Amino acid sequence: MGKENYIEFSHVTKVFPGCKALNDVSFSIKEGEVHALLGENGAGKSTLLNILHGVFLPTDGEIRIDGEPKRFANANEALRFGIAKVHQEINMVPELTVAQNIMLGMEKTKGGLLNGSYMEKETEKLLKRLRINISPSDKIRNLSVGQIQLLQIAKAIYSNARVISFDEPTASLSSEETELLFSLIEELKQDGVTIIYVSHRMDEIFKVANRATVLRDGAYIQTFDVANLTKEELVKSMVGRDVAMFAKRLKPSRVDKSKVVLEVKNLSINNQFHDISFKLYKGEILGFFGLVGAKRTEVMKAIFGADKLDSGEIYVNGVLTKIASPNEAISKGIGLIPENRKTEGFIKVMNNSDNIALPTLKKFETNHFTSYKKRLKNCEEIGKIVDLKPKDPEFMTDNLSGGNQQKVVLAKWLSTNVDIMIFDEPTKGVDVGAKSEIYNLMEELVEQGKSIIMVSSEMTEVIGMSDRMFVMHLGEIAGELQREEFSEETIAMAALEGKRNG
Ligand SMILES: Nc1ncnc2c1ncn2[C@@H]1O[C@H](COP(=O)(O)OP(=O)(O)OP(=O)(O)O)[C@@H](O)[C@H]1O
Ligand SMILES: [Mg+2]
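Residues numbered from 1 in each chain as written. Chains lettered and ligands numbered in written order. Predicted model: local features only at pLDDT ≥ 70, side-chain atom pairs only at ≥ 80, totals over all residues. Heavy atoms only, no water.

Enquirer: Looking at this structure, how should I read the overall build of the chain?
Expert: Counting its regular elements, the chain contains 17 helices and 22 strands. With the principal axes as the frame, the chain shows a C-alpha extent of 70 × 55 × 50 Å. Counting every position in the chain, which comprises 502 residues, the buried fraction comes to 53%. Sequence-distant contacts, at least 24 apart, represent 66% of the contacts inside the chain between residues at least 6 apart. When the accessible area of the chain is evaluated, it comes to approximately 22,500 Å², of which 49% is carbon and sulfur surface. Each charge class in the chain can be summarised by its mean position, and for the 65 positive and 70 negative side chains these summaries are 3 Å apart. (Helix = DSSP H or I, 4+ residues; strand = E, 2+ residues; numbered from the N terminus. Buried < 20%, exposed > 50% of the residue type's maximum accessible area, 1.4 Å probe, protein only. Contact = heavy atoms within 4.5 Å. Areas by Shrake-Rupley, 256 points an atom, 1.4 Å probe, with all protein chains shown as cover. Lys, Arg positive; Asp, Glu negative; His and termini not counted. Charge placed at Lys NZ, Arg CZ, Asp CG, Glu CD.)

Laid out in structure tokens, this is it:
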């Protein structure tokens with residue numbers, strides 16, 4: 001391993017209006033190690049990385065790289081210095097091609113002009129070597145968040161970065177893409193690249209990290225050697241108390257098989273999914289597992305009226321129902337909590353109380369003034385349930401940490417009185433403490449007689465929480481499993497191989 005104090009965070013403090021995101025944080029990262037950065041939602045992880053990359057200036061303190069104090073003006077300057085980031089926000093230009101984006105800032109010119117065919121050839125070689133199956137001439141806007149993240153890694157490698165920071169890289173990756181990510185990280189390690197890794201998935205930390213630093217409420221807590229660390233110790237350090245770490249039903253099942261609240265028959269959208277038929281019972285938590293490409297999100301969006309079906313029928317409480325828009329879905333008692341919260345979950349220019357009140361605006365209609373007061377109160381009440389930080393109802397949702405944004409999106413639906421809730425990846429990017437709160441909440445909802453569809457790519461979560469499960473494979477239902485039949489093997493087989501028809 002290389003230099004002991006390669007990257008030194010020294011007394012780093014960051015104050016945002018109304019919030020101290022980092023408070024006197026000091027620790028160092030060794031050259032060539034994988035250093036995990038951990039903590040609950042809002043602990044300050046992304047802020048610290050953003051200061052390293054020159055996205056934010058520190059209010060106080062400094063960062064030294066190889067002994068030299070460094071302050072980059074922006075992320076591109078950091079990249080030219082050899083410090084790359086693979087983060088959730090999409091920092092590629094949607095209208096440009098894959099090749100153009102990878103070469104952006106590093107273009108080779110010929111007679112002063114961009115040489116398109118050279119760029120495409122270089123990119124093709126690069127992507128091939130990295131086993132990333134994307135065409136150099138594709139437009140970024142046609143790619144998934146996961147694919148764009150893989151391209152960010154390719155770009156980092158192409159620029160010969162010596163340091164790469166990953167901020168929740170697997171949150172939008174399929175399990176195949178995740179495998180690829182880990183093998184790329186392994187190669188980067190071999191080449192002596194220093195890696196900073198943020199994730200809420202404990203298993204990943206133990207798989208990739210040499211050391212782990214925990215932040216809590218903006219303060220430095222502790223740095224561990226991962227080799228002799230247990231999950232319990234780590235979680236306790238992050239949360240400051242003991243928490244349940246696994247998805248588990250604590251209350252008896254509430255399924256009432258005599259009441260079918262939702263039934264769909266032969267739903268199809270050409271080129272996406274076909275012949276999707278299933279029933280959802282009152283009080284049920286119905287899991288939908290599948291690999292990315294299985295089209296679970298697409299099915300749910302179609303049921304919610306956000307995408308148009310080519311054929312098929314939807315019955316709500318036994319009645320054939322046309323759902324042409326999300327508003328119609330809500331009026332029929334169906335809510336959807338989307339996977340992609342940054343673009344679909346909340347409105348950027350609104351504060352928490354307004355975002356939370358969005359699906360239920362009618363409830364708040366009186367005169368303008370009392371309505372606002374009611375919304376604030378509503379936000380305070382629901383904010384408590386999901387443990388929103390900060391609790392301030394007037395805080396802009398866009399300035400919340402990633403996990404707390406997810407909580408706002410959840411909170412929105414809790415104030416509605418829809419009876420059928422579709423949760424698409426409800427705990428993505430959410431910390432361990434909040435995860436167990438969300439699980440408790442789901443149990444409370446079914447206890448109240450509501451029914452839940454939970455789309456999730458975390459097998460432990462679907463197994464732990466579902467009464468029954470469907471596994472999807474390439475746009476088809478590959479299998480239905482009762483709770484007694486759940487096993488990782490059966491589920492994985494169905495997800496990988498699809499339906500077995502002799
Ligand atoms: N632009 C901003 N304006 C005001 N407050 C901000 C801004 N950006 C971040 N914060 C606040 O700083 C704190 C730390 O946020 P940060 O995004 O660093 O958390 P995090 O550890 O990455 O959390 P998560 O796991 O949820 O992504 C939070 O309380 C957040 O609300
Ligand atoms: Mg973050």
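Continuing now.
Enquirer: What am I meant to see in the sheet that holds strand 11 (residues 211-216) here?
Expert: The six strands lie next to each other as 6-9-10-3-11-12, forming an open sheet whose pairing is mixed. Sheet topology places strand 6 (83-86) and strand 12 (219-225) at the edges, where each strand pairs with a single neighbour. When the angles between neighbouring strand axes are averaged without regard to direction, this sheet yields 20°. With four bridges connecting them, strand 3 (residues 34-38) and strand 10 (residues 194-198) associate as parallel partners. Following the sheet pairing, Leu-37 is matched in strand 10 by Val-198. On the sheet, helix 5 (residues 145-158) packs against strand 6 and strand 9 (163-167) and is oriented at approximately 170° with respect to strand 6. Sitting on the sheet, helix 6 (residues 175-190) touches strand 3, strand 9 and strand 10, and the angle it makes with strand 10 is about 145°. (Pairing = 2+ DSSP bridges. Axes fitted to C-alpha atoms, helices over the stretch in contact; angles between N-to-C directions.)

Enquirer: Mind showing me how you'd approach the packing of helix 5 against helix 6 here?
Expert: Helix-helix packing is described using two parameters, namely the angle between the two axes and the distance between the axes. In contact at an axis separation of 11 Å, helix 5 and helix 6 are set at 15° when each is read in the N-to-C sense. Between helix 5 and helix 6, the angle is such that the two are roughly parallel. Between helix 5 and helix 6 lies a crossing of left-handed hand. Taking contact as the criterion, the partners of Gly-146, Gln-147, Leu-150, Ile-153 and Ile-157 in helix 5 are, on helix 6, Glu-177, Leu-180, Leu-181, Leu-184 and Leu-188. (Parallel < 35°, antiparallel > 145°, perpendicular 65-115°, else oblique. Left-handed = near helix turned anticlockwise from the far one by under 90°.)

Enquirer: Got a minute to help me understand unusual backbone geometry in this structure?
Expert: Generally, phi is negative for residues other than glycine and the peptide bonds are trans, each holding for most cases. Note the cis peptide between Lys-389 and Pro-390, where omega equals -5°. With respect to the helices and strands, Pro-390 occurs in the loop between helix 13 (368-386) and helix 14 (402-414). One non-glycine residue, Arg-131, lies in the positive phi region at around 60°. Along the polypeptide, Arg-131 turns up in the loop between helix 4 (116-129) and helix 5. In this model, Glu-168 sits at a positive phi of 45°, which is unusual for a non-glycine residue.

Enquirer: Explanation requested: the packing of aromatic side chains in the structure shown.
Expert: Any two aromatic rings considered together are summarised by their centre-to-centre distance and by the angle between their planes. Tallied over the full model, the rule gives eight aromatic pairs. Ring centres of Phe-166 and Tyr-197 lie 6.0 Å apart, and the angle between their planes is 45°; on these two criteria the pair is classed as tilted. Here the residue Phe-166 occupies a position in strand 9, and Tyr-197 occupies one in strand 10, the gap between them amounting to 31 residues. Here Tyr-197 falls in the buried class, since its relative accessible area comes to 0%. Ring geometry for Phe-278 and Phe-470: centres 5.7 Å apart, planes at 50°, overall tilted. Note that Phe-278 is positioned in strand 14 (residues 273-282) and Phe-470 in strand 21 (residues 468-473), a separation of 192 residues in sequence. The same class applies to Phe-278 and to Phe-470, which are both buried. Taken together, Phe-9, Phe-27 and Tyr-220 form an aromatic cluster joined through their ring pairs. Its guanidinium or amino end placed over the ring of Phe-81, Arg-162 lies 5.2 Å from that ring's centre, counting from NZ or CZ. (Phe/Tyr/Trp six-rings, centres within 6.5 Å; stacked < 30°, edge-to-face > 60°. Lys NZ or Arg CZ within 6 Å of the ring centre and 35° of its normal.)

Enquirer: Before we go on, may I ask you to explain the site of ligand 1 in this structure?
Expert: Taken together, the neighbourhood of ligand 1 is formed by 19 residues, with Lys-45, Thr-47, His-200, Ser-401 and Gly-403 sitting nearest. In this structure, an oxygen atom belonging to ligand 1 sits 3.2 Å away from a main-chain N or O atom of Asn-399. Within the contact set of ligand 1, an oxygen atom lies 2.7 Å away from a side-chain nitrogen or oxygen of Ser-401. Within the complex, 89% of the 640 Å² of free accessible area of ligand 1 lies under protein. For the shell around ligand 1, the elements supplying multiple residues, two or more each, are strand 2 (19-29), helix 1 (45-52) and helix 14. Residue composition of the shell around ligand 1, by class: six nonpolar, ten polar and three charged. (Near = heavy atom within 4 Å. Polar contact = N/O pair within 3.5 Å; in protein donor to acceptor, adjacent residues only side chain to side chain. Nonpolar A, V, L, I, M, F, W, Y, C, P; charged D, E, K, R; others polar.)

Enquirer: How should a nonpolar patch on the surface be read in this particular structure?
Expert: A contiguous nonpolar patch, built from Ile-347, Val-349 and Met-396 and spanning about 260 Å² of accessible area, is present on the exposed surface. If you trace the backbone, Ile-347 turns up in the loop between helix 11 (341-345) and helix 12 (352-357). By relative accessible area, Ile-347 is classed as partly exposed at 36%. (Patch = residues over 30% accessible without salt bridge, like charges linked within 9 Å, V, L, I, M, F, W, Y side chains within 5 Å. Salt bridge = Lys/Arg side-chain N within 4 Å of Asp/Glu carboxyl O.)

Enquirer: Explain the sheet that holds strand 1 (residues 7-16) to me, please; I cannot follow it from the model alone.
Expert: In a beta sheet, neighbouring strands pair by backbone hydrogen bonds and run either parallel or antiparallel. The antiparallel open sheet is built from four strands, whose spatial order is 2-1-4-5. A single partner strand is all that each edge strand has here, and the edge strands are strand 2 and strand 5 (68-70). For this sheet, the mean inter-axis angle between neighbouring strands, taken without regard to orientation, is 30°. Two strands pair when backbone bridges link them, and strand 1 and strand 4 (residues 60-65) are joined in this way by five bridges, in the antiparallel orientation. Bridging across to strand 4, Ser-10 finds its partner in Glu-62. On the sheet, helix 1 packs against strand 1, strand 2 and strand 4 and is oriented at approximately 115° with respect to strand 1.

Enquirer: Teacher, can you tell me more about the pairing of strand 22 (residues 476-482) here?
Expert: The two faces of the sheet receive side chains in turn, since in a regular strand these alternate between them. Note: strand 21 against strand 22, six bridges, orientation antiparallel. Across the sheet, residue Met-469 finds its bridge partner in strand 22, namely Leu-481. Counting the residues in the hairpin turn of strand 21 and strand 22 gives two residues, including Leu-474, whose phi is positive at 45°.

Enquirer: For this particular structure, what's the right way to read helix 5?
Expert: An α-helical segment advances 3.6 residues per turn. Residues three or four places apart therefore align on the same side. Between the first and last C-alpha of helix 5 there are 20 Å, a value that for 14 residues agrees with the 20 Å anticipated at 1.5 Å per step. Residues Gly-146, Ile-148, Gln-149, Leu-150, Leu-151, Gln-152, Ile-153, Ala-154, Lys-155, Ala-156, Ile-157 and Tyr-158 constitute the buried set of helix 5. Next to the buried residues of helix 5 lie helix 2 (75-81), strand 6, helix 3 (98-103), helix 4, strand 9 and helix 6. Positive phi shows up at Asn-160, right after helix 5, with a value of about 55°. (Expected span 1.5 Å × (residues − 1).)

Honestly, that's just the spatial picture; any functional story needs more than this.
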